[in-house]
Amino acid sequence: MSIKLILVINCGSSSLKFAIINPINKKTLLSGIAEYFNDIKAYIKWRIDNSEEKFFLTKKSSHGIALNFLANKILIMYPELFENIIAIGHRIVHGGEKFTQSVIITDNVMKGIKKASIFAPLHNPIQLIGIKEAIKSFPHLRKKQIAVFDTSFHQTIPKESYLYGLPLYFYKKYKIRRYGAHGTSHKYVSKEGSKLLNKSIDNFNCITCHLGNGSSVTAICNGKSIDTSMGLTPLEGLIMGTRCGDIDPAIIFYMNKKLKMNINLIENTLTNKSGMLGLTNITSDFRYIENNYLKNKNIENAVKIFVHRLSKYIASYTILMNNKLDAIIFTGGIGENSILIRELTIKKLKILGMNINKKLNINIKHGKTGLINNNNSIPILVIPTNEELLIAQDTFILINN
Ligand code: AMP
């Protein structure tokens, strides 16, 4: 019997990640990235059977050139993979209100993705290019392309969470509301968490913390997202690597009127110069931050601000849990690895029945999964995220239906 494989494609502004996954046994057989498009540094590298290959691309490289290289140079070397790819799953950042679940890509779906670009102008247009280029490079899979949206998991959140305190017509006419992000990751770790704790996902309540360069917290009841910290865009919520998270909107008026900053400069400041980078004045990299905590006053303060905001979000989400919280789950580069952030955050939540076990906390990092709580605590889990696997599984289910 032949195996059935899924090619997963994730297009960023100047990069393209790819993976070939067996959705049944959950194994990644090949994975890689092409980076630095339109730059002399451009390259494509891939990993298979524990060995890594790298090839420099031309200066005029692009998503199309990378996909063509994948189809016609890399996969030619591995016909046993190429011949068994039955579909392509694309990560799409924003699905607006239209897409509440993953879908097979049609012309209408492409139009919908284009329409939602207004809320993700850096991502959706590039991901549409990724779809068109994938059709060119894999023409036999033209009708086997699936879109998996970062926002769709959060389409279950109720009005009281997704509406802002703005005149209603901004929502009715312009669809300005909370959409959230990282949905694929929150969904994946909540499902894995329910399995680890032997509970049915339909009866599983948890708070998931995806902490990486971008960070968000989600309240999940009976397996469904009911609130999340990112908003119309991924700028709202927690303190992030370079994004400010929640601020008083009047700061923007002050920057504009008093400091004479124009709207592009304000946007760039809030998106790329703020968060941990802005507060430490050194870096957004939590490895450096963790190694230098208590050695540098700005770093110490930035960590305290990060933890303060994160613990406030977790605490506030506990009241949405219908009196039953089954687990707190940490994931993302920081959630999976930062012993310091996990310890400081959980210590603040003692009053809510959370208690960290220092030894377990120290041991769980670098891709390990496990509990980090004491016996007298609500379960606190660390689960490495695997958005690619969830995209492959959704793609497989849709193609089989
Ligand atoms: P992500 O966006 O999920 O890839 O996460 C990136 C963030 O995770 C960066 O701030 C990294 O510094 C942080 N990170 C990765 N590995 C570690 C580690 N071993 N300890 C602390 N932070 C880490």
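Residues numbered from 1 in each chain as written. Predicted model: local features only at pLDDT ≥ 70, side-chain atom pairs only at ≥ 80, totals over all residues. Heavy atoms only, no water.

Attention shifts here to the pairing of strand 10 (residues 215-221). The buried fraction of strand 10 is high, at seven of seven residues. By the alternation rule, side chains of strand 10 split into S215, V217, A219 and C221 and S216, T218 and I220, which are all buried. What sits between strand 9 (residues 206-211) and strand 10 in their antiparallel hairpin is a turn of three residues. Two strands pair when backbone bridges link them, and strand 10 and strand 11 (residues 224-228) are joined in this way by four bridges, in the antiparallel orientation. In the sheet register, I220 faces strand 11, and the bridge partner there is S225. Hairpin geometry of strand 10 and strand 11 is characterised by an intervening segment of two residues between the two adjacent antiparallel strands and by a positive phi of about 50 degrees at N222. (Buried < 20%, exposed > 50% of the residue type's maximum accessible area, 1.4 Å probe, protein only. Helix = DSSP H or I, 4+ residues; strand = E, 2+ residues; numbered from the N terminus. Pairing = 2+ DSSP bridges.)

This part takes up helix 16 (residues 387-400). Here helix 16 contains 14 residues, and its C-alpha end-to-end distance of 20 Å stays within 8% of the 20 Å for a straight helix at 1.5 Å per residue. Within helix 16, the full set of buried residues consists of E387, L389, L390, I391, A392, Q393, D394, T395 and F396. Considering only its buried residues, helix 16 is in contact with strand 1 (5-11), strand 2 (16-22), strand 6 (85-92), strand 8 (145-149), helix 7 (183-196) and strand 9. (Expected span 1.5 Å × (residues − 1). Contact = heavy atoms within 4.5 Å.)

Here we take up the site of the ligand. All residues adjacent to the ligand are G212, N213, S284, D285, F286, R287, E290, G332, G333, I334, N337 and H366. Separating an oxygen atom of the ligand from a backbone N or O atom of G333 is a distance of 2.9 Å. For the ligand, an oxygen atom lies 3.4 Å from a polar atom in the backbone of I334. For the ligand, the accessible surface in isolation is 510 Å², of which the surrounding protein chains cover 76%. At the level of elements, helix 11 (286-291) and helix 13 (332-337) are the ones that each hand at least two residues to the shell around the ligand. The greatest single-element share of the shell around the ligand, amounting to four residues, is contributed by helix 13. (Near = heavy atom within 4 Å. Polar contact = N/O pair within 3.5 Å; in protein donor to acceptor, adjacent residues only side chain to side chain. Areas by Shrake-Rupley, 256 points an atom, 1.4 Å probe, with all protein chains shown as cover.)

On inspection of all chains with the given rule, the structure shows 13 aromatic pairs. On the basis of an interplanar angle of 70 degrees and a centroid distance of 6.3 Å, the ring pair of Y43 and F56 is categorised as edge-to-face. On the criterion of sequence distance, the pair formed by Y43 in strand 4 (residues 43-48) and F56 in strand 5 (residues 51-56) is long-range, its members being 13 residues apart. For Y43, a relative accessible area of 10% corresponds to the buried category. Owing to a relative accessible area of 55%, F56 belongs among the exposed residues under this scheme. The interplanar angle of 35 degrees and the centroid separation of 5.2 Å between the aromatic rings of F119 and Y179 together place this pair among those described as tilted. Here Y179 lies in the loop between helix 6 (169-174) and helix 7 and F119 lies in the loop between helix 3 (107-115) and helix 4 (124-137), a separation of 60 residues in the sequence. Each member of the pair F119 and Y179 is classed as buried. The rings of Y36, Y43 and F56 are connected pair by pair, giving a single aromatic cluster. The aromatic ring of Y43 is capped on one face by K54, whose charged end is 4.1 Å from the ring centroid. (Phe/Tyr/Trp six-rings, centres within 6.5 Å; stacked < 30°, edge-to-face > 60°. Lys NZ or Arg CZ within 6 Å of the ring centre and 35° of its normal.)

Keep in mind these numbers describe shape, not what the thing actually does.
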